[in-house]
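The residues making up each chain are set out below.
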Amino acid sequence: NAGVTQTPKFQVLKTGQSMTLQCAQDMNHEYMSWYRQDPGMGLRLIHYSVGAGITDQGEVPNGYNVSRSTTEDFPLRLLSAAPSQTSVYFCASSSPGGGETQYFGPGTRLLVL
Amino acid sequence: AQSVTQPDIHITVSEGASLELRCNYSYGATPYLFWYVQSPGQGLQLLLKYFSGDTLVQGIKGFEAEFKRSQSSFNLRKPSVHWSDAAEYFCAVGRRGTYKYIFGTGTRLKVLA
């Protein structure tokens, strides 16, 4: 199993550009989430999904959009990038059967100029 | 308000010394508690978790943590630190089935040879 994969690993955007961060998991996990990690602030939940077709907002959802059309994929869209969205983004997945342990991807480092 | 506090931003210990990383939480319901470790440039990996039962839980890599309800704490311990333990450690709290976890701001561990 590849676990949780994220692409790209690193991206530079200009203010106002849009892009999609990809996340995929091959563990058949129902739950997937997106976090952003900023220095001194730990991880903050952006959006999460408890299954295909079901998404909900986390702590810092503004400026981000998600959809979940399949169990495997959970892309994160930046609608109009802003410098405040410069961060490291992590995708995670988990399952109730796994005791809600979250499995994290390697992260995407995003720089918005 | 629900929160997780890791009061130590940085900790430095000598190899072979004991380690305790502090985690305090504020949570209305019976919490699920987790400790994750993040090596440089990597995603997060679960060290251990507490749901119920025995308040002393064992994890991977020789780590353990003790849940103290009266002190709202879930401190991570290791009797003898190895150089490979140098990393950042995150405490997280949530409620079963909600899939909305709150992470602390992390403690960065440095190990001296």
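Use the structure listed above.
Bear in mind the structure is a predicted one, so any value in this text is a computation, not a measurement. (Residues numbered from 1 in each chain as written. Chains lettered and ligands numbered in written order. Predicted model: local features only at pLDDT ≥ 70, side-chain atom pairs only at ≥ 80, totals over all residues. Heavy atoms only, no water.)

Peer 1: Explain the environment of serine 49 of chain A here, please?
Peer 2: Residue and element names in this part refer to chain A. Checked against the element boundaries, serine 49 lands in strand β5 (residues 42-51). Separated by twelve residues in sequence, serine 49 and glutamine 37 have C-alpha atoms that sit 19 Å apart. Among all residues touching serine 49, those that are not within four sequence positions of it are Glu30, Tyr31, Met32, Ile54, Thr55, Arg68 and Phe74. Reaching out from serine 49, the side chain makes a polar contact with the backbone oxygen of glycine 51 at a distance of 2.9 Å. A polar contact of 2.7 Å, which involves the side chain of serine 49, links it to the side chain of arginine 68. (Helix = DSSP H or I, 4+ residues; strand = E, 2+ residues; numbered from the N terminus. Contact = heavy atoms within 4.5 Å. Polar contact = N/O pair within 3.5 Å; in protein donor to acceptor, adjacent residues only side chain to side chain.)

Peer 1: Explain the side chain of lysine 78 of chain B to me, please; I cannot follow it from the model alone.
Peer 2: Residues and elements named next belong to chain B. Tracing the backbone through its elements, the reader meets lysine 78 in strand β9 (residues 73-78). Within the structure, lysine 78 has its side chain in polar contact with the backbone oxygen of lysine 61 (distance 2.9 Å). Filtering out sequence-adjacent residues up to four positions away, lysine 78 remains in contact with Ala17, Ser18, Leu19, Lys61, Gly62, Phe63 and Asp85.

Peer 1: How should the state of the cysteines be read in this particular structure?
Peer 2: Each disulfide consists of one covalent bond between the sulfur atoms belonging to two cysteines. Residues and elements named next belong to chain A. Taken as a whole and assessed by the stated rule, the structure comprises two disulfides over all chains. The disulfide that involves cysteine 23 links it to cysteine 91, with 1.8 Å between the sulfurs. Between cysteine 23 and cysteine 91, the disulfide has an S-S torsion of -70° and is therefore left-handed. Taken together, the residues span a long stretch of sequence, with cysteine 23 in strand β3 (residues 19-25) and cysteine 91 in strand β9 (residues 87-94) at a distance of 68 residues. (Disulfide = S-S within 2.5 Å.)

Peer 1: What is the right way to read the side chain of arginine 68 of chain A from this model?
Peer 2: Residue and element names in this part refer to chain A. Tracing the sequence through the fold places arginine 68 in the loop between β7 (64-66) and β8 (76-78). The buried charged residue arginine 68 lacks any salt bridge partner; its closest oppositely charged side chain belongs to glutamate 30, at an N-O distance of 7.3 Å. There is a polar contact of 2.9 Å between the side chain of arginine 68 and the backbone oxygen of threonine 71. (Buried < 20%, exposed > 50% of the residue type's maximum accessible area, 1.4 Å probe, protein only. Lys, Arg positive; Asp, Glu negative; His and termini not counted. Salt bridge = Lys/Arg side-chain N within 4 Å of Asp/Glu carboxyl O.)

Peer 1: Would you mind going over the interface of chain A and chain B with me for this structure?
Peer 2: Accessible area lost upon the coming together of the parts serves often as the stated size of an interface. Contacts between the two partners involve 23 residues from chain A and, on the opposite side, 22 residues from chain B. Both sides together, the interface formed by chain A and chain B hides about 1700 Å², and carbon and sulfur atoms give 55% of it. When the buried surface of chain A facing chain B is broken down by residue, Leu43, Glu100 and Phe104 of chain A rank first, second and third, together holding 32% of it. Along the contact surface separating chain A from chain B lie zero salt bridges. Of all elements in the fold, only β4 (31-38), β5 and β9 of chain A reach the threshold of two or more residues within the side of chain A that touches chain B. With five residues, β5 of chain A is the largest single contributor of residues to the side of chain A that touches chain B. (Buried area = accessible area lost by both parts, 1.4 Å probe.)

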